[in-house]
Each structure stands twice: as C-alpha cells, then as structure tokens.
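# Close look at the chain arrangement
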Amino acid sequence: MVAKPLNVAVLGATGAVGTAMLESLVAREFPFSELYPLASERSAGRILHCGARQLVVQDAAQFDFSRVQLALFSAGAELSKRYAPRAVAAGCLVIDNTSCFRYEDDVPLVVPEVNPESISHWRRRHIIANPNCSTIQLVVALKPLHDVAGVGRVNVATYQAVSGAGRNGVEALRQQSEAILAERQPSVENTPFPVPIAFNVLPHIDRFEDNGYTREEMKMVWETRKILADQSIAINPSCVRVPVFYGHSMAVHLETRKPLGAVKARELLRSAPGLRLLDEVRDAGYPTPTQQAAGRDEVWVGRLRDDISHPRGLSMWVVSDNLRKGAALNSVEIAELWLRHASA
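Now for a look at the structure at hand. (Residues numbered from 1 in each chain as written. Predicted model: local features only at pLDDT ≥ 70, side-chain atom pairs only at ≥ 80, totals over all residues. Heavy atoms only, no water.)

Strand order in the open sheet made by the 6 strands is β5-β2-β1-β6-β7-β8, with parallel pairing throughout. Edge positions in the sheet fall to β5 (58–59) and β8 (127–129), since each of these pairs with one other strand and no more. As judged from the 6 bridges shared by strand β1 (residues 6–11) and strand β2 (residues 32–39), these two strands associate in the parallel manner. The residue of β2 that forms the bridge with Asn7 is Glu34. (Pairing = 2+ DSSP bridges. Helix = DSSP H or I, 4+ residues; strand = E, 2+ residues; numbered from the N terminus.)

Along helix α8 (residues 324–343), the largest kink reaches about 40° and is centred on Asn330. In terms of burial, α8 is largely enclosed, as 15 of its 20 residues are buried. (Bend = angle between axes of the 7 residues up to and from the residue. Buried < 20%, exposed > 50% of the residue type's maximum accessible area, 1.4 Å probe, protein only.)

So, about the packing of aromatic side chains. According to the stated counting rule, one finds 6 aromatic pairs in the structure shown. Here the aromatic rings of Tyr159 and Trp317 are separated by 5.7 Å at their centres, their planes lie at 40°, and the arrangement is tilted. With Tyr159 in strand β9 (residues 151–160) and Trp317 in strand β14 (residues 313–320), the pair connects residues that are 158 residues apart, well separated along the chain. Classification of Tyr159 as partly exposed rests on a relative accessible area of 31%. By relative accessible area, which is 22% here, Trp317 ends up partly exposed. Grouping aromatic residues by their ring pairs yields a cluster made of Tyr36, Phe63, Phe65 and Phe73. (Phe/Tyr/Trp six-rings, centres within 6.5 Å; stacked < 30°, edge-to-face > 60°.)

This brings us to the sheet that holds strand β11 (residues 248–256). Judged by pairing direction, the sheet is mixed, and its 6 strands sit side by side in the order β10-β9-β11-β14-β13-β12 without closing on themselves. Two strands close off the open sheet at either side, each with one partner strand: β10 (234–241) and β12 (275–277). Between one strand and the next, the sheet's axes are offset by a mean angle of 20°, whatever the strand orientation. Both β12 and strand β13 (residues 299–306) contribute to a ladder of 3 bridges, which runs parallel. Paired with Leu277 across the strands is Val301, a residue of β13. (Axes fitted to C-alpha atoms, helices over the stretch in contact; angles between N-to-C directions.)

What follows is about the pattern of salt bridges. As enumerated under the stated definition, the model contains 20 salt bridges in all. Of the charged contacts, one joins Lys325 and Glu113 as a salt bridge, the two residues approaching to 2.8 Å between their closest N and O atoms. Taken together, the residues span a long stretch of sequence, with Lys325 in helix α8 and Glu113 in the loop between β7 (93–96) and β8 at a distance of 212 residues. When its relative accessible area of 0% is taken as the criterion, Lys325 is described as buried. The salt bridge partner of Lys219 is Glu216, with a shortest N-O separation of 3.7 Å. Here Lys219 and its partner Glu216 are both found in helix α5 (residues 215–227), 3 residues apart, which amounts to about one turn of the helix. A single burial state applies to Lys219 and to Glu216, both of which are buried. (Salt bridge = Lys/Arg side-chain N within 4 Å of Asp/Glu carboxyl O.)

Here we come to the nonpolar core. The biggest cluster of nonpolar side chains holds 59 residues, and the ones touching the most others in it are Phe65, Phe73, Leu145, Val252, Leu254 and Met316. Ranked by the residues each element gives to this core, the list is headed by helix α3 (residues 133–149), at 8 residues. When residues no more than four places from it in sequence are discounted, the contact partners of Val252 are Leu138, Val154, Asn155, Val156, Leu314, Ser315, Met316 and Val318. Counting 35 residues, the second largest nonpolar core, distinct from the first, contains Leu6, Ala13, Leu70 and Val332. (Core = buried A, V, L, I, M, F, W, Y, C linked by side-chain atoms within 4.5 Å. Contact = heavy atoms within 4.5 Å.)

Scope: geometric values only; no functional claims are made or implied.
Encoded structure:
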C-alpha cells in the first residue's frame, strides 16, 4: 500500500452496490483520507452513516474530481460513460462496476484472485472494469481447474437474486410477496420485472440480443473469455431470476481438456483463494445463498461430482453474495491491488 492516504469518491453511493462499496472501504480499512459519496441532485445533502462516519451525499454533476485520486463507479453505464472521462481528465483512476468499459481491449477486466496480472494495464485509460456479478463467481470457481486441466466448455444456469436489479428489485419481491400472501393481485408497476417475481421464476435478465440470448447471458460469455484470456472456451449460459433477496447461485457443468476428476478438482478448489468448499454428501452438506453466501465475502462451491455423461465432465454448485464479491467487494479488492501495483 502507498503511505499517503487517498481521497476516494463513490458514484452511485445511495444505491445497493454503492452503499456496499462504502461499507467495504471502511470494513477493510482502505487507506483513504476523505470519502465522498456521490449521487444525483435529488439525493444531494442526504446523510449516510458509514462506520463511525457521517457522510454527506454530493451532487455528482457538480463534483470536482480533481479532489480525489480514486473513484468507484456504480451508477449505471450511461452515467459511467458521462463521468468517467471527466474523472480521468482530472487525474483520477476509475474502477467501474458497470458494463460501460468491460469489453474494450485497452481496459483491464479484473478479478484479483483470477487475473491480477491484468492490473498492470490500468495506465492505458486510467479505467479498470469490474465484471458482472455472475461472471465473478463463475471465474473464481473455474480458475484453479482451468490452470491445471484447461476448461474447454461450460454449461451454466444461474439463479440470481432480486438484489441484482437494485433496491427496486428487493422492494418488488417484498411487496409482491405480501400481496400474494394477503390474496391480492401482485403488481409489476414500477418494478424491474415484466411479470411478478414473488413465488415465481423468470428466465429473463436484461434485454434480449439478436441471437435469442439475453444481455446478461452474453456478458458471461464475453467476460469469462476475457478474464481467463482464452477465447476458445465454449460457454452456454441461461440466466434466471429467482425470488431470493441476496446471493446468486449457479449450476455449472464443465468439460476439461485434460482428464481431471472430482477428487483432484476438490483438492484444487479447497486451496483456491477467495473460495470456500462445502461439499459433503449429506443433507445440508452444500452452500445456499441464504445460509452461506449472504453477507459473506467468499465464493462457495458444493455438489462437486464427476459428470456421468462425459469422461472429462464435472458438475458443481456455486453461490456468492452478488452485492459483495459480485460487485462492491471486488471493486475494493481491485483498488487494493492497484495500490500495491502503483506503489511497487
């Protein structure tokens, strides 16, 4: 870490991820001197409690980014497109948690446990991209297996919490659940979902692409290949929204290029950074989003087994807190990695 504390801004500070970013910066004792929460004019003046600090939300449109050396963005791709160039021109490094810059060749897309070497390219644009939440937990689980046996193909079905759609998603599930339990018709008005999510499952996250896959599904394809630096990996995702508040889950079926097997895979995952293995053949011998993932920093893996349909196949269950490791925590870990690299 550099000796001199930094001034840090968080854009989107009043949102679910922005709030978690502020909490992670404080909890991990990130070396900041001043911390500036930024949001829209509507939220300006609001007081946020972060640890022992009381922070006043400032209007992002009026903020002078020359006051900070680091900015964490999580306010949507359009606002990142507007404010990131302004922040960079003021001498600030931007860590962006939107899809705005992820697919640009000169912007590193980083998961510190997976591709820390990519951080060295930050000087090209002074922007570092944070991957999509579902991609992060997938590549943390794939990395140790890919390094040893090479991952050739991945079939993955995600079961994603409503908090991935922000505070409005959480509120929609709460209100719709109350309505159904009271035997009222649930409303989808002013919610992120086209049909009710309460007691339901939606095979649709983000907009549809021309190939019939959703944008969320294609993010997993593009980002996994970029992070693992292997464009030959075949990835077939299905992304599903489920009535869970916090914590994404996924069923992963993969084929390795070299024989590996569940026994060796289990050894590799047990010692992998940022990952916890809960893999016992018994009732509750597996991780769930509510019991293990929510409020925790690790990616959890269980139900690891040999694929009975393919000689080099493996199946596993992966869960993680989508607001923490899937977004806020990974952004702060990128900042920590950048500090170590910049001060080396």
